[in-house]
Amino acid sequence: MTEMTGTLNLVGYGLAAIGPGLAVGMIFSAYINGVARQPEARSVLQPIAFLGFAMAEALALFGLVLAFVL
Amino acid sequence: MRSITSFRAEGNEFIPPSSKDFVLPPIFGENEFTTKPIFLVLLSVVLLSVFFLIASRKAAIVPSKLQFAGESVYAYVRNDLGKDIIGHEFMRFVPYLFTLFTFILVNNWFGIIPMLQFPTMSRISFAYVLGIITFVVFHYVGIRHHGIFKYLKDILFMPGVPKPVYILLTPIEVATYLIVRPLTISLRLFANMFAGHLLLMIFILGGEHLLQGAIGLKLVSPFAFAFGIALTFFELLVQCLQAYIFTLLTALYIGGALADEH
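Residues numbered from 1 in each chain as written. Chains lettered and ligands numbered in written order. Predicted model: local features only at pLDDT ≥ 70, side-chain atom pairs only at ≥ 80, totals over all residues.

As for the nonpolar core
Counting residues in each nonpolar core, the largest one holds 41 residues, and the members touching the most others are Ile104(B), Phe190(B), Ala251(B) and Ile254(B). Sorting the residues of this core by element identifies α3 (42-69) of chain A together with α3 (65-86), α4 (94-109), α5 (124-146), α7 (166-211) and α8 (215-258) of chain B as the ones contributing at least two each. In terms of residue count, α8(B) provides more of this core than any other element does, 10 residues in total. Setting aside residues up to four positions removed in sequence, Ile254(B) forms contacts with Ile86(B), Phe93(B), Val137(B), Phe138(B) and Val141(B). (Core = buried A, V, L, I, M, F, W, Y, C linked by C-beta atoms within 7 Å. Buried ≥ 20, exposed ≤ 12 C-beta atoms within 10 Å, placed from the backbone. Helix = DSSP H or I, 4+ residues; strand = E, 2+ residues; numbered from the N terminus. Contact = placed C-beta atoms within 7 Å.)

This is how it looks when you write it as structure tokens:
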């Protein structure tokens, strides 16, 4: 057996990224649904969708920072 | 550069590229001010200035191809990012948004332009500076528009919320406005450029390493290169998207600071 080296931080980050990943998927699925049902609502929905996406992705970014810092 | 030489020196063992490969040595002498990213930023400023000066120099009603290219970028930022999101006062912020969008876009493109191939924003300090500028701009705009007390009151005590909720909401809002927004807007840009560049390095250097292995490994190495090329196009998409998201979020924050109710 060869010895494995590295840090478990990255495994932790992978686990932590599941949540934001699901969140981003759900936000955009709702956005696509909304635009598909009512195409003229696109310009109203777009900023909301991207703001929600930014907030959800912030959590993944905190995980990334912690994976490198800790 | 470093990783190619380092893994060749090791012989057979493949050393995967790491975050150390982003720390480039200075080009002239021994200081920290002449590294590649700094020259790339200067190059991007020169390229953008020259392009838009030429594109707007002989403005005509029937535009030339160059003028059309310049104007469509401008119109895109003005209408889709400015007018739709900020609202009726958008014209004051179009110069900032336009500069931000083109600057980030060109600096991201450097990541896949042959011979340059280093996204400037994969060094976090550049992304931090852009985040700090946006942070200052949207708070300044909000304070100028509402006056400092009303602006702070709207942030600290969001109107239309039952009083006990403020115990939870006020710390979250303060953290959002002071820490989370400037931090995430720069980190998002940095992390995407960093991860994308690392991914390309892994596939290209891995393909090169496979080429030096046994005959079976030589046969699979073209697949690694092909995937590297495919990912380069994916990176092009990500780079445009990140420039768009940075500008969009800046516009959203400015629009939020200008809005009469938060």
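Details of the interface of chain B and chain A
At the junction of the two partners, chain B supplies 11 residues and chain A supplies 10 residues. Broken down by element, the side of chain B that touches chain A gets its largest block of residues, five residues, from α7(B). Here the residues of the side of chain B that touches chain A are counted per class, giving eight nonpolar, one polar and two charged. (Nonpolar A, V, L, I, M, F, W, Y, C, P; charged D, E, K, R; others polar.)

Description of helix α2 (residues 36-57) of chain B
Residues and elements named next belong to chain B. Between its terminal C-alpha atoms α2 stretches 31 Å, which fits the 32 Å expected from 22 residues at 1.5 Å a residue. Within α2, the full set of buried residues consists of Leu40, Ser44 and Ala55. End-on view of α2: buried residues confined to an arc of 45°, all on one side of the axis. Away from the buried face of α2 by more than 90 degrees, exposed residues Leu42, Val46, Ser49, Val50, Leu53 and Arg57 are located. On its buried face, α2 is in contact with α3 and α4. (Expected span 1.5 Å × (residues − 1). Arc of directions from axis to C-beta.)

Quick notes on the confidence of the model for chain B
All names here are of chain B. Across chain B, the average pLDDT comes to 87, with 95% of residues at 70 or higher. When the elements of chain B are averaged for pLDDT, helix α1 (residues 2-9) gives the smallest value, 46, and α4 the largest, 95. Low confidence marks residues 1-10, where pLDDT is under 50. Its contacts with residues over four positions away, or in another chain, come to 12 contacts. Complex prediction metrics read pTM 0.86 and ipTM 0.73. (pLDDT = per-residue confidence, 0-100.)

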